[in-house]
Each structure stands twice: as C-alpha cells, then as structure tokens.
Amino acid sequence: MSLASRPPDAVVLARGLTKKFGERTVVCGIDLTIPRGGCFGLLGPNGAGKTTTLRMIIGQSPMSGGTLSVLGLPMPDAVREIHARTGVVPQSDNQDPDFTVVENLRMYARYFGLRPADVAGRIDELLGFLELSDRRDARMRELSGGMKRRLSIARALINDPEFIMLDEPTTGLDPQVRHLIWTRLRQLKASGKTLLLTTHYMDEAERLCDQLVVIDRGRIVTQGSPRGLISEHVEPHVIEVQGEAGSVVPVLGGIPGSRLLTVGETHYCYASELGPVLARLEGAPHLRYTHRTANLEDVFLKLTGHELRE
Amino acid sequence: MAYMNLVLPRPQISALKIWQRNLLVWRKLLGPSMAFSFGEPVIYLLGLGYGLGQFIGEVGGIPYFTFLAAGLLAASAMNVASFEGMFSVFTRMTHQQTYDAILATPLTVDDIVAGEMLWCATKSLLNTLPILVVAFLLGAIENWSALGAIPVFFLVGLCFAGPALVMAALAASYDFFNYYTTLLITPMFIFSGVFYPVATLPAIAQVVVNILPLSHAIALIRPLVAGQPLVDPALHVAVLVAYAAVGYVAASVFIRRRLIR
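Everything quoted here is computed from the prediction, not taken from an experiment. (Residues numbered from 1 in each chain as written. Chains lettered and ligands numbered in written order. Predicted model: local features only at pLDDT ≥ 70, side-chain atom pairs only at ≥ 80, totals over all residues. Heavy atoms only, no water.)

A. The arrangement of the overall build of chain A in detail. Summing up its helical and strand segments, chain A has eleven helices and 14 strands in all. In terms of principal-axis extent, the alpha carbons of chain A reach across some 75 × 50 × 35 Å. By residue count, 52% of the 310 residues in chain A fall in the buried class. Long-range contacts, defined as pairs at least 24 residues apart, comprise 68% of the intrachain contacts of chain A with a sequence gap of at least 6. A total accessible area of about 13,500 Å² is found for chain A, and carbon and sulfur atoms account for 50% of it. (Helix = DSSP H or I, 4+ residues; strand = E, 2+ residues; numbered from the N terminus. Buried < 20%, exposed > 50% of the residue type's maximum accessible area, 1.4 Å probe, protein only. Contact = heavy atoms within 4.5 Å. Areas by Shrake-Rupley, 256 points an atom, 1.4 Å probe, with all protein chains shown as cover.)

See the structure below:
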C-alpha cells in the first residue's frame, strides 16, 4: 500500500494488520479504514482480537506484520505525535489511586506537556461535561465504578483529541450511567471528533456506531452500517418463543420464507413475512411469544455462532 | 520483534513528568514512606552504635558510632532505591496500571524508565537525608565535609535503581523480590563494610565484595562523614556510574519487553 493511494482523510488506515504471540496468530492480516468523523465500532466475541487490534492502533502492542497509519502518521514511528492528538479510554480504569479527581486530570495534562494553570478551565468544563463537578476533590476509593469510568473519559479528553478510542466504555455500568455516556459520546461525535469503540453490547453499537466491523478469530467477518448489516444478514421480523423444542419446533418449523434458530430454550423465528408465522401461532395458544424487529444482535449471533467463547 | 527490545533507550525531557508524578505522590505519603526508610537505620544506629560502640571504641581511627552511621547511610540509600524500584514500580506496572495510562500519552517506555531511575535516586537522597540529620544530632558527625555525602546518596540510588527495575520487570508477584533481597541486598548489607571494615574479610570474599557496588558507596560516604581524605574517589564513582549506566540500559530492555507486548 503506497501512501499515494491512501484515502485523504482516513483516521486509521491499516493494511494486513497482523499480531502473533509466538506461534498463535491473534489478528490475521486485517484491513481497516476508519474515516474521519463519526463513530466506528469494532465488534466481536471475547478473544476475537478487538483489544489487541486497539492496542496495535495505539502503539502499545508492536505489529507482527502489515502497515498502519493513524491520523495520517506512520505507526509506530510517529507514536508521540499520534498520542498527542489521541484520547484513550482503557477497558479497566487506571487512575492514580493516590490522587484526587482533579489531581488526576492535572497530572494527565502534564504528560501531554500542558501546564495545569492553562488547563484549569478545561478541567472544570470536562468535570461538568461528565457530571463530576461535585466530586473534584474525591479520592479514587470514594468513586463508584460509573464515576471512575466517567473520569477515564474526562481524562481522555484533556488534550482535546481529534480521535478517541474507547475499549468497552460501558461494560459493567448501570443503565443510567450507560445512557449518560452514550449521550456524551454522541455529543463528541457531533462536535466533529472521530470515535473508535469496541463493545460486545449490540445495542450500544447500534445506538452509537455509523460504521462497524465484526471480527472473529482475528479476521473481519463483515462490515457496514448497523442498518445495512441487519438488512443484509437477517430477515426483518423476529419472533422469540421460550419453551421446550418438542412443543415449539412443530409449530414454527418449516414455514416458507422463514428460518428457525434454537439457542438453549429460546427459539428465534426469522421471517421475511410476518403473516404466515402469526397464522401458525394462532393455532398454538399455549405458546407465549414476543415479536420484535431484527437487530444487530441477530447479525452477531448469525455470523459468530452460538457456542460459548473463552 | 525481540530485536526491537535491544535498541538503546531514547528518553526525552518529558521523562521528568514521571519523576514529578512520583514526587507528588511521595509528598502525600510522606509519613509511611519516612517511617519505613528512617526507622530501621536509626534503630541500628542507636542499638548497635551505642551498644557495640562501648566495646569497640574506634575502627581505623574513626569512632565506631561514626563508622557505623556512615555505613548505615550508604545502606539506606541502597535500600530506598531498591525497594522503590521493585515494589513501587511493580505496583505501578501491574495493579495500578499507571504505565498503561501513561503510555497512551506522548510519553514512551524510555521516558518511564528514565523517570523512574531519577525518582529512585531522588528518593534515596530524600529519605536518607533525615538519617544524616539524626546522626549529626546524636554527635556522630562533626565535619562539614559530611554534606558532600548528599550527592553520593543520589548516585547510590541511581546505581541500585536499574537492577531493581529489572527485578520488577521479571517479577510475577511481590514474592519474587525475596530472591533479590535475600541473595544480594542482605549479603551486601552484612559483608560490604557497613558494620566492620571489608579488610577483615578473607581475601577471596574481599574480591567479591569489591565487585558489588555497596562497598564503593561506603568507600565514598565514610571518609566524607568522618572528615577523612577520600581514597581513590574516581574509581568508586566510576564503579557506581557504571552500575547505573548498565542498569539503566538493562532496565529499559526488560521493562519494554514487559509493557510492550
């Protein structure tokens, strides 16, 4: 890949990105083009290679093969310059436990060569943005998980980055905090920043991402917009029924234009037309069902299978 | 990618941010930090200095109390840097993931290692200085030349920081540090001339002791504290600087291998 053929405004451009740990290949030569602006999702089951890919993009894990440029600069040669313009929200919160909230932000600013006096106003803004203003002098052990995660996001914004990478930003948080974080990420997106996020919450990806790739076993399985992927891979209607296979499969099996998928005791009937499925269900009043539209989780399950990972 | 780990470190001035971070944390945790570095040497000084000193009188023309104080100052500088470089660096590298956070900023592993080495040396100076004051107050020091020992505390810290960082990079848990402490730090403390002159050891033991750095630290600090002329100061400084330089490069290689995977 010569630089001349590089799309002019790709924030991340990876070709043949590969990572080997000894004999084990974790990322198998993937190509990624992350355009400027919007939110790009990296989806996949546990152990798919998401975090390793992210670590390579940020230069914390040397590539075993391939080429990579971030913000138009070569990685790893320009790592300092790339980091100066990038924000990173790590998977696990790693603030300094000996510092207060505001001291953590001040120290992090110093790592970017910013003087605390010059970022005082920015720190106030960020604390307000993430609703931490009343916690500015709290120690880390006094913060809840949701507060720590919000502080991680505030910290990642201290250098006013144009590119923000978030590794599972809402894992383990309660619904209120997740909604707050989603709102803030959408605001960041609206202000022109580029977001790259990994998640295994499909609702999160559907809400936030403009483009996404699904990776599994170190390879890209599919890519596109959430809506595009749903219409490409899954029938529009989904009927979910709980129950033993013996009582459900005779009712919903073999309907033309539909397919039945069983995961444990849950049966998913994917249908292009709703009418024939409802007609069958009318003849089986003992079955309780829910009807919903197809979502990204259906795509994910179809493409990455149903067996447990890890 | 193994070859990548062998390149010489290229730290930048921003390494001082790591040093600054540690100084700010140190200020917050001053009490426990001082109690740890200060308590033990002062107990040795009082217990052995007053107790044994009564029987021993003078060693090589120096009152035993002064002789011992000088040895304990050198040992303190060694211990402070060694423990900071092992336990604290390991904590920042693993449990706190401080370095992971820092590596997302423009700082690099080379900056972290350089900053930590400077910090270990600074902490050796800061935490050994109060022992010098106590030794002075107890009458062990009567010469202004003792002030010349202060930069040596820094140099001794620099010398022991590198190997300690290598240990931190190799450790799977805190227990691993027992090997280094038991096999190197404690023998140096006992055999390198803190409590008695190295010259009293058998010849072969003297060779080993003189290869290790603590005897050279004592050879610089003791005459300064006692107000005697320095013997071969360039040699002793050179040994400590060589340990610091080799330790720095080794620490950079091992910490890089640990953090960049």
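B. View of unusual backbone geometry. For the bond from Met-75 of chain A to Pro-76 of chain A, the omega torsion is 10°, close enough to zero to count as cis. Tracing the backbone shows Pro-76 of chain A in the loop between β5 (73–74) and α2 (79–84). At Glu-168 of chain A, a position not held by glycine, the phi torsion is positive, near 50°. Of note, Gln-97 of chain B is a non-glycine position whose phi angle comes to about 50°, a positive value.

C. How the structure looks around helix α4 (residues 116–129) of chain A. Residue and element names in this part refer to chain A. Look at α4: 19 Å from first C-alpha to last across 14 residues, which is about the 20 Å you get at 1.5 Å a residue. The sharpest bend along α4 measures roughly 30° and falls at Arg-122. What α4 keeps buried is the set Val-119, Ile-123, Leu-126 and Leu-127. Of the surrounding elements, those touching the buried residues of α4 are α3 (101–111) and α5 (145–156). Immediately beyond the C-terminal end of α4, within one or two residues, lies Glu-131, with a positive phi of roughly 55°. (Expected span 1.5 Å × (residues − 1). Bend = angle between axes of the 7 residues up to and from the residue.)

D. Seen up close, the pairing of strand β2 (residues 24–35) of chain A. Residue and element names in this part refer to chain A. Across nine bridges, the pairing between strand β1 (residues 10–21) and β2 is antiparallel. When the sheet's bridge partners are listed, Thr-18 is paired in β2 with Cys-28. Between β1 and β2, which follow one another and run antiparallel, lie two residues, and Gly-22 among them has a positive phi close to 65°. (Pairing = 2+ DSSP bridges.)

E. Broad picture of the sheet that holds strand β11 (residues 237–242) of chain A. Residues and elements named next belong to chain A. The antiparallel open sheet is built from four strands, whose spatial order is β12-β13-β11-β14. Of all the strands in the sheet, just β12 (258–263) and β14 (289–293) have a single pairing partner and so form its edges. Sheet twist, expressed as the mean angle between neighbouring strand axes with direction ignored, is 20°. By the bridge criterion, five bridges tie β11 to β14 in an arrangement that is antiparallel. Counterpart to Val-241 in the pairing with β14 is Tyr-289. (Axes fitted to C-alpha atoms, helices over the stretch in contact; angles between N-to-C directions.)

F. Representation of the side chain of Ser-252 of chain B within the structure. Residue and element names in this part refer to chain B. Position of Ser-252 relative to the elements: it lies in helix α10 (residues 233–259). For Ser-252, a relative accessible area of 0% gives the class buried. Contact partners of Ser-252, with chain neighbours within four places excluded, come to Pro-9 and Val-113.

G. Molecular detail of the environment of Val-70 of chain A. All names here are of chain A. The topology assignment puts Val-70 in strand β4 (residues 65–70). Relative accessible area serves as the criterion here: at 1%, Val-70 is assigned to the buried category. C-alpha separation for the pair Val-70 and Thr-194, spaced 124 residues apart in sequence, amounts to 12 Å.

H. Local environment of the pattern of salt bridges. Residues and elements named next belong to chain A. What the rule picks out here adds up to 23 salt bridges over all chains. A salt bridge links Arg-292 to Asp-298; the nearest nitrogen and oxygen atoms lie 2.9 Å apart. Within this structure, Asp-9, Arg-36, Arg-85 and Glu-162 form a network of salt bridges that share partners. (Salt bridge = Lys/Arg side-chain N within 4 Å of Asp/Glu carboxyl O.)

I. Local environment of the pairing of strand β8 (residues 194–199) of chain A. Residue and element names in this part refer to chain A. Counting buried residues in β8 gives six out of six residues, a clear majority hidden from the surface. Burial of β8 is two-sided: the residues Thr-194, Leu-196 and Thr-198 facing one way and the residues Leu-195, Leu-197 and Thr-199 facing the other way are all buried. Where strand β3 (residues 38–43) lies against β8, six bridges are found, and the strand directions are parallel. Across the sheet, residue Gly-41 finds its bridge partner in β8, namely Leu-197. Between the parallel pair strand β7 (residues 163–167) and β8, the chain is carried across by helix α6 (residues 175–190), and the sense of this crossover is right-handed. (Right-handed = clockwise from strand over helix to strand, strands pointing away.)

Purely spatial values, then, with no claim about function.
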